[in-house]
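# Coordinate inspection notes
In case you want the letters, here they are:
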Amino acid sequence: MAGTYDAIIIGGGHNGLVTACYLARAKWKVLVLERRYLVGGACVTEETFPGFKVSTAAYVNSLFRPEIIRDLRLKQYGFELVERNPSSFTPFLDGRYLMMGPDAAMNLREIAKFSAKDAENYPRYEKMLERVADVVEPTLLITPPNVLNPGLGGLWTLAQLGRKFQKMGPHLAEAMEVLTGAARPILDRWFESEELKATLATDAIIGAFASPSMPGTAYVLFHHVMGETNGKRGVWAYVRGGMGGLTQALARAAKDLGVDIRCEAEVARILTRNGAVSGVALTSGEEFHAPKVASNLDPHLTFEKLLDPKLLPPDFAEAVRRIDYSSASIKINVALSEVPNFAACPGDQPGPQHHGTMHICPDQDYIERAFDDAKYGRPSANPILECTLPTSVDPTVAPPGKHLMSMFIQYFPYRTKNGNPDDLKEQFADRCFDILNEYAPNFKKSVIARQILTPLDLERTFNLTGGNIFQGSMTLNQLFVSRPVVGWSNYRTPIKNLYLCGSAAHPGGGVMGTCGYNAAREMQKRW
């Protein structure tokens, strides 16, 4: 393989692969370097248990941009989405349950079991979020202006965005609250049923080291209601064959476009010459050269590990050091001999209650108490469980008759004060299993094997600093013009022709591909 390219991509996650594909479409000679044995970053399928296709980290999809699917013809490369309907099931110990999904009439019937008033308000709540989405979603595909030196183009972008918000009229206030405020006051204002509010509030804390009463969680909630599946807005799906089906389709598309992909090729240093990037050096000693390099890694790794800090302006280096990577999310993958048989909705075969996310969270106070533990460095005594069973709609990911569960759980801090995370995780997983067993009494005896990934494990395995799945917290001070830092939201960096193309850049985390898409566009512009 020749050592010189037009562009080098550090990290073969989904964003890095998207960047590579779009550059290759423009006839660039591109090299992707991936540290692990397979591409995909945190969006991979692995045979963690014999015969099971495990989505090791990322586990559902909705946010991945339809433009990318279309442009790169990913369906022709095997990418297929399996819709989840219903999309949500919340059982309660009193024998009741709340089931929700894309069927509006079903949602109203289900919510009315707990509150007729909430059933009346829910369509209005959804319309409120849609109004905000109509303004915010188009910004996902733009390059945020440099507010410190916007130029005419940046000023025009800001003016256009301001005009869109202005057109919201009296609804602007609610939009600003969604984008900056706490989720709990919003949910409390709209609804009275704790069962409904708890179900919705779980979306506000996914991947966040925060409780729903903290500012910024309303945006996390909103972030997870954007997107679409097969043209249906707000619908989440599984990727057939596991989440690696997406990144393997991207890899096949990339190779057909002429991209060179090397796995087990860890970058040790980003090479520079006269203030500009010149290539990369691997831990093996090999060097590859290119006039442009894009890092799919987070800013901590890119600027504090792969570069000499002396090359960076002091203000920029200090801003990078201030980026918050707090995380308290733990992922448990479980091989099962049978489906969970919920006491509130019995069934020993896959049913509607298994299709979507199964929430184990009785009310918002339960979340607050769980967070109280975590903020003092303790794993939650009563954690929030979000469980999915992809085998309920995609049997290809497990041997015949067996099932696969993903459990995404809050909260298990990256730094624990009462012991080493490696020593605490088995006990914590046992507690999670005990809780789920209260709702589905057959669960524990159905467990064949499990894999536990604490934030520390996520950092070790996927190079996610602090185990943060978003490559930096999704708080207002780390979004849009401030992502990754103020003055550098345009995918460029102080090192000439070095770019960021991962979730550390706008618009942030989630399996969207938008960061890579936008970065490729900027890389093709003249400096």
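Our structure's up above, just so we're on the same page.
In every chain, residue numbers begin from 1 and rise along the written sequence. Totals for whole chains, interfaces and linings use all residues, but because this is a predicted model, local features are given only for residues with pLDDT of at least 70 and pairs of side-chain atoms are given and counted only at 80 or more. Neither water nor hydrogens contribute to the side-chain values; these are computed over all heavy atoms in the structure.

A word on helix 6 (residues 172-180). Taken residue by residue, helix 6 has Ala175, Val178 and Leu179 as its buried positions. The arc that holds every buried residue of helix 6, seen down its axis, measures 95 degrees, which confines them to one face. On its buried face, helix 6 sits against helix 4 (116-136), helix 5 (151-166), helix 7 (183-190) and helix 9 (217-223). For each residue, the accessible area found with a 1.4 Å probe, counting protein chains only, is set against the maximum for its type, and the residue is called buried under 20%, exposed over 50%, and partly exposed in between. Runs of H or I in DSSP of at least four residues are treated as helices and runs of E of at least two as strands, each being numbered from the N terminus. Arc definition: it is the arc formed by the directions from the helix axis to the C-beta atoms. Here, two residues are considered to be in contact whenever any of their heavy atoms come within 4.5 Å of each other.

Just to be clear on terms, a salt bridge is a Lys or Arg side-chain nitrogen sitting within 4 Å of an Asp or Glu carboxyl oxygen. In the structure shown here, the tally under the stated rule is 31 salt bridges. Glu318 is paired through a salt bridge with Arg321; the nearest N and O atoms lie 3.0 Å apart. One end of the pair, Glu318, and the other, Arg321, are both in helix 12 (residues 314-322), three residues apart, so they sit about a helical turn from each other. Since its relative accessible area comes to 34%, Glu318 is described here as partly exposed. Lys444 serves as the salt-bridge partner of Asp434, at 2.6 Å between the closest nitrogen and oxygen. Here Asp434, found in helix 15 (residues 421-439), pairs with Lys444, found in the loop between helix 15 and strand 20 (447-453); they are 10 residues apart in sequence, far enough to count as distant. On the accessibility criterion, Asp434 (31% relative accessible area) is partly exposed. If you follow the salt bridges from partner to partner, you end up with Arg184, Asp188, Glu194, Lys197, Asp365 and Glu368 in one network.

A word on the nonpolar core. Put simply, a nonpolar core is a bunch of buried Ala, Val, Leu, Ile, Met, Phe, Trp, Tyr and Cys residues held in one set by side-chain atoms that sit within 4.5 Å of each other. By size, the foremost hydrophobic cluster in this structure holds 88 residues, and its most contacted members are Tyr125, Phe222, Met405 and Met407. With nine residues, the single largest contributor to this core is helix 4. Discounting residues that sit within four places of it in the chain, Phe222 has contacts with Leu129, Val132, Ala133, Val136, Val178 and Leu179. Counting 72 residues, the second-largest nonpolar core is a separate cluster that includes Ala58, Leu250, Leu282 and Phe288.

A few words now on the state of the cysteines. Pairs of cysteine sulfur atoms within 2.5 Å are what we label disulfides. Applying the stated rule across the entire model yields zero disulfides. Considering cysteine sulfurs only, Cys21 is the nearest to Cys263, which forms no disulfide, with 14 Å between them. On the basis of relative accessibility, which here comes to 31%, the residue Cys263 falls in the partly exposed class. Here Cys387 stays free of any disulfide, with the sulfur of Cys432 as its closest cysteine sulfur at 8.6 Å. On the accessibility criterion, Cys387 (0% relative accessible area) is buried.

There is a patch of nonpolar side chains on the surface, built from Val147, Leu148, Leu152, Leu155, Leu158 and Val486 and spanning about 570 Å² of accessible area. If you trace the backbone, Leu148 turns up in the loop between helix 4 and helix 5. Residue Leu148 is classed as exposed on the basis of its relative accessible area of 63%. Nonpolar side chains (Val, Leu, Ile, Met, Phe, Trp, Tyr) within 5 Å and like charges within 9 Å form the patches, drawn only from residues with over 30% relative accessible area and no salt bridge. Only the protein chains shown count as cover for residues, and the accessible areas themselves come from Shrake-Rupley with a 1.4 Å probe.

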